[in-house]
Amino acid sequence: MTQQLQDEFDSSVENAEAWMKAIQERLSINDNTKGPRSALEARLRETEKIRDLEPEGMLKMDLILAKADAALHCISEDKKHEVLSKLRHIKALWEETAIYITHCHSRIEWVWLHWSEYLKAQDEFYIWIHNMRVTLEPDIELQLGLREKQWQLSHAQVLLNDVLNQSVLLETLLEEAASLFNRIGDPSVDEDAQKKMKEEYEGIREEAQSRVKLLEKITEEHKQYSANVNQFQLWLNDVTERLNCCIGEATKSADDRLKALKEIAKNIRNGAKKLKHLENQCTDVIQNTSPLGAERLKDELDELRKALEKLKLLSSEEEQRLLKIQQLESAYKSQARQLEADIQEFRKDLQKLENDLDPGEREKTEDEFVAQWRKCNATRAVLAAEESKVERLKAQLKELLRFSQDVQPHADSVVSAIRDYQSVKGKTSKMSADTEAQLSSLFQNPLQSFEQWKLTVQMLLETPEPALDQIEAALAESSQFKEKLMTLQLKKDLLNNILGEEKAKSFLEEVAEASREREILHKSLLQSKSKLQNLILQHKDFDAAFAPLQKKLFAIKAKLDLENEPQPNLLGKKTQLQRLQMIQDDLAELAVQMEEVEKLVQSNATHRHEMNQLTSDIQALKRSLEMMVQQTEEHVQKHWAFNDKLSDLQQWITATTEKIGSYQDADVKQSNDSRVADLEVFSS
């Protein structure tokens, strides 16, 4: 009996253990969440069946416990230990199997439920995507006005907020999909599926944002346009009120009202630019407005345009009326101001000319008299040019007589200015005549002195035995007169300008005659000197007489060689000419001495050869000297003429510069026509 109980216990343990291992094997086969949903569903059903077998396992365990209890009461102590060991083993195996059944089924069931919830949420998400796409797909409907556009924008913003709020659901779905993919690895929840879901959402979000952005632009554009229209209407009302006040205020002067009107006209021109800007804005707004709304906008703009045109016409008519009132008064004031300005400038110019005519108190040289004479001529030329101003002042005064205002003060100013002009003109003419008289006297002085010298020389030559020192002194004075007479001949252009061509010609003929007489007297003096020297030479031999001649010839050559360098100015050229003339006199004197020494030459061939050689050298030197004198005279005459013309030009430039400076310094500007007329006179 004891052995039978033990065998039954062992048999029940073996059966239970085999059953449990079979259950664990089935669980291990289904313990997997990877794969498609159908496979997961099959595993779920299988684990449910296994879970339903758990009561059977519990019965088996109850049976084992009962068998073990019966066996333990009958078997020996040694066998009890074996039974208890098997009992502990089977209990542990059952506990492990039961836990495995629960965990495996729960895990598969949780994944199944999780997947089901995800699919349900995904379906709802795609239904929302579809509905939103249907809502956003149609084009934006054109609205009637700003209020309707604002409503439309508000509705689009609500849709956008809904789209943005769905981002939370999308993030949850993406997290669930990633979690499921890690558990089941099914392609329906892989990264491509997640990316597709995200792209679907982002497409909807971008479409909603684009629509809101476009509607914001359309609404803001219409809002700005409406604000500009209201602002333009306020500006139009303000300008209209100002224009009505300007037209109704008869107490203000025409100038003040005209100034206000010009300011209003300027505002109206600016208003036209504003209206043009509104028209451009309206064109853009109409493109996003319904046809009926566009018609309303055009009508509103036409009303503003008509109001502006009416305002512009009213302002122009009032301005023309005031301009006619102001025209006569303005014309008189303008012409009177111009006349007074011209009179002041004319008097200022006359005062400058009169100040320049001050001759001074001290004695003047010939060059200073010439400069004064030229200044008088330049002043007379300026006064002749000012004659046109006198006529212009008379014409301006005559123009003022057309007006009804009192012009007597202006007439007095014109008469006074003309008197000043005549006074300066008379003073200039008198000073010019006095200066010409002084210059004529200075030009005559050399001739008068020459006449006195001529009488003295003639008396000296008629003396039977004149002194040698007197003859030499007369020769020196003759050279001085030669220089003075030549200087007068070089002043031909100046003499023509001062004396006139006829008087200058007669005067120069007198100078030429005096030069010829001086040449004759000079030769006579040389002959007389030679005769005196011949008397001295008669008491000396040829060698004693010939040596001084050679020495003098060499000295003349040395002097002539020094004169080859050109001179830098007129004074240098005149001085050089004087030195050359003195060398001519020395050479002429040497020739006379040669004639005297010639008498000492006897039949001595050596002396004759020496004399011939000396004569040849003197002739060559004379020819060279004559050429140099001729060239120097030409240079002096050309330089003199250049200086005269340069001085005339400087005087003219000074007068013209002062005249132009008077225009620049004038307090009241002369009219352009009068200035142009004056400048044309100077440039002619």
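The shown structure was predicted, so the numbers you read here are calculated from the model rather than taken from an experiment.

Along its length, the chain carries 17 helices and 0 strands. Of all 684 residues assigned to the chain, the portion counted as buried reaches 38%.

Another aspect to go through is helix H2 (residues 37-52). The terminal C-alpha atoms of H2, which comprises 16 residues, lie 23 Å apart, in line with the 22 Å expected from a rise of 1.5 Å per residue. When H2 is considered as a whole, its buried residues turn out to be Leu40, Arg43, Leu44, Thr47 and Ile50. Buried residues of H2, viewed axially, fall in a sector of 125°; they line one side. Away from the buried face of H2 by more than 90 degrees, exposed residues Ser38, Lys49 and Asp52 are located.

For the rest of this paragraph, the subject is the packing of H2 against helix H4 (residues 77-136). Direction vectors running N to C along H2 and H4 enclose 145°, while the axes themselves pass 9 Å from each other. You can see that H2 and H4 cross each other, and the crossing is left-handed. When H2 is examined against H4, the residues Arg37, Leu40, Glu41, Arg43, Leu44, Thr47, Glu48, Ile50 and Arg51 are found in contact with a partner set consisting of Ile101, Cys104, His105, Ile108, Glu109, Val111, Trp112, Trp115, Ser116 and Leu119.

This next bit is on the packing of aromatic side chains. One pair of aromatic rings is described through two measures. These are the centre distance and the angle between the planes. Within this structure, the stated rule accounts for 5 aromatic pairs. Ring plane angle 75° and centroid distance 5.9 Å describe the contact between phenylalanine 125 and tyrosine 126, whose orientation is recorded as edge-to-face. Among the residues examined, phenylalanine 125 registers a relative accessible area of 0% and is labelled buried. Each member of the aromatic cluster is reached from another via a ring pair, and the members are Phe125, Tyr126, Trp128 and Tyr201.

Looking now at the confidence of the model for the chain. Counting all residues, the mean pLDDT for the chain is 76, and 80% of those residues have values of 70 or more. At the level of individual helices and strands, the chain shows its lowest average pLDDT in helix H17 (residues 672-683), which scores 51, and its highest in helix H6 (residues 191-248), which scores 86.

This paragraph deals with the layout of surface pockets. There is about 800 Å³ of room inside the largest pocket. Lining the largest pocket are 29 residues, and of these Glu519, Lys523, Gln584, Ala588 and Lys622 lie nearest its centre. Contributing elements (two or more residues each) for the lining of the largest pocket: helix H11 (468-490), helix H13 (501-537), helix H15 (570-598) and helix H16 (605-665). For the lining of the largest pocket, the element with the highest residue contribution is H15, accounting for 10 residues.

Attention now moves to the pattern of salt bridges. By the definition in use, this model includes 11 salt bridges. Glutamate 48 is paired through a salt bridge with arginine 45; the nearest N and O atoms lie 3.6 Å apart. Residue glutamate 48 and its partner arginine 45 are both found in helix H2; the two are separated by 3 residues, about one turn of the helix. By relative accessible area, which is 23% here, glutamate 48 ends up partly exposed. Judged by relative accessible area, which is 37%, arginine 45 ranks as partly exposed. The salt bridge partner of lysine 217 is glutamate 221, with a shortest N-O separation of 4.0 Å.

Turning our eyes to something else, we now look at the side chain of aspartate 585. Mapped onto the secondary structure, aspartate 585 falls in helix H15. Discounting residues that sit within four places of it in the chain, aspartate 585 has contacts with Ser479, Lys482 and His522.

Before going further, it helps to spend a moment on the nonpolar core. Membership of the largest hydrophobic core comes to 51 residues, with the highest contact counts inside it found for Ile64, Ile90, Tyr118, Phe125 and Trp128. Element by element, the count of residues in this core is highest for H4, at 19 residues. Ignoring anything within four residues of it in the chain, the contact list for isoleucine 64 reads Phe9, Ser12, Val13, Ala16, Leu87 and Ile90. Counting residues in each nonpolar core, the second largest holds 23 residues, with Ile583, Met611, Leu625 and Val629 among its members.

Moving on, we come to a nonpolar patch on the surface. A contiguous nonpolar patch, built from Phe642, Leu646, Leu649, Trp652 and Ile653 and spanning about 460 Å² of accessible area, is present on the exposed surface. Residue tryptophan 652 is classed as partly exposed on the basis of its relative accessible area of 41%.

Our next topic: the environment of serine 647. Along the chain, serine 647 falls in helix H16. In this structure, the C-alpha to C-alpha distance between serine 647 and lysine 375, residues 272 residues apart in sequence, is 10.0 Å.

Here we come to a positive patch on the surface. Together, Lys266, Arg269, Lys273 and Lys312 line one region of the surface with positive charge. The residue arginine 269 is located in helix H7 (residues 254-286) in this model.

Next up on the list: the packing of helix H3 (residues 54-74) against H4. At a closest axis distance of 11 Å, the pairing of H3 and H4 adopts a crossing angle of 170°. The angle between the axes of H3 and H4 places the two elements in the roughly antiparallel class. Touching Glu54, Gly57, Met58, Met61, Ile64, Leu65, Ala68 and Leu72 of H3 are Lys80, Val83, Leu84, Leu87, Ile90, Lys91, Trp94 and Ala98, all from H4. A class-by-class count of the residues in the contact of H3 with H4 yields 12 nonpolar, 1 polar and 3 charged.

Position of glutamine 166 relative to the elements: it lies in helix H5 (residues 146-184). Apart from the residues lying within four places of it in its own chain, the contact partners of glutamine 166 are Phe125, Trp128 and Tyr201.

Another aspect to go through is the environment of glutamate 216. Relative to the helices and strands, glutamate 216 is located in helix H6. As a C-alpha pair, glutamate 216 and glutamine 152 span 64 residues in sequence and 9.7 Å in three-dimensional space. Apart from the residues within four sequence positions on either side, glutamate 216 is in contact with Leu153 and Gln157.

Definitions and limits used
Residues numbered from 1 in each chain as written. Predicted model: local features only at pLDDT ≥ 70, side-chain atom pairs only at ≥ 80, totals over all residues. Heavy atoms only, no water. Helix = DSSP H or I, 4+ residues; strand = E, 2+ residues; numbered from the N terminus. Buried < 20%, exposed > 50% of the residue type's maximum accessible area, 1.4 Å probe, protein only. Expected span 1.5 Å × (residues − 1). Arc of directions from axis to C-beta. Axes fitted to C-alpha atoms, helices over the stretch in contact; angles between N-to-C directions. Left-handed = near helix turned anticlockwise from the far one by under 90°. Contact = heavy atoms within 4.5 Å. Phe/Tyr/Trp six-rings, centres within 6.5 Å; stacked < 30°, edge-to-face > 60°. pLDDT = per-residue confidence, 0-100. 1 Å grid on protein atoms, 1.4 Å probe; cavity = no way out; pocket = protein on both sides within 12 Å on 5 of 7 lines; lining within 4 Å. Points joined across faces, edges and corners; volume = space filled by probe spheres on them. Salt bridge = Lys/Arg side-chain N within 4 Å of Asp/Glu carboxyl O. Core = buried A, V, L, I, M, F, W, Y, C linked by side-chain atoms within 4.5 Å. Patch = residues over 30% accessible without salt bridge, like charges linked within 9 Å, V, L, I, M, F, W, Y side chains within 5 Å. Areas by Shrake-Rupley, 256 points an atom, 1.4 Å probe, with all protein chains shown as cover. Lys, Arg positive; Asp, Glu negative; His and termini not counted. Charge placed at Lys NZ, Arg CZ, Asp CG, Glu CD. Parallel < 35°, antiparallel > 145°, perpendicular 65-115°, else oblique. Nonpolar A, V, L, I, M, F, W, Y, C, P; charged D, E, K, R; others polar.

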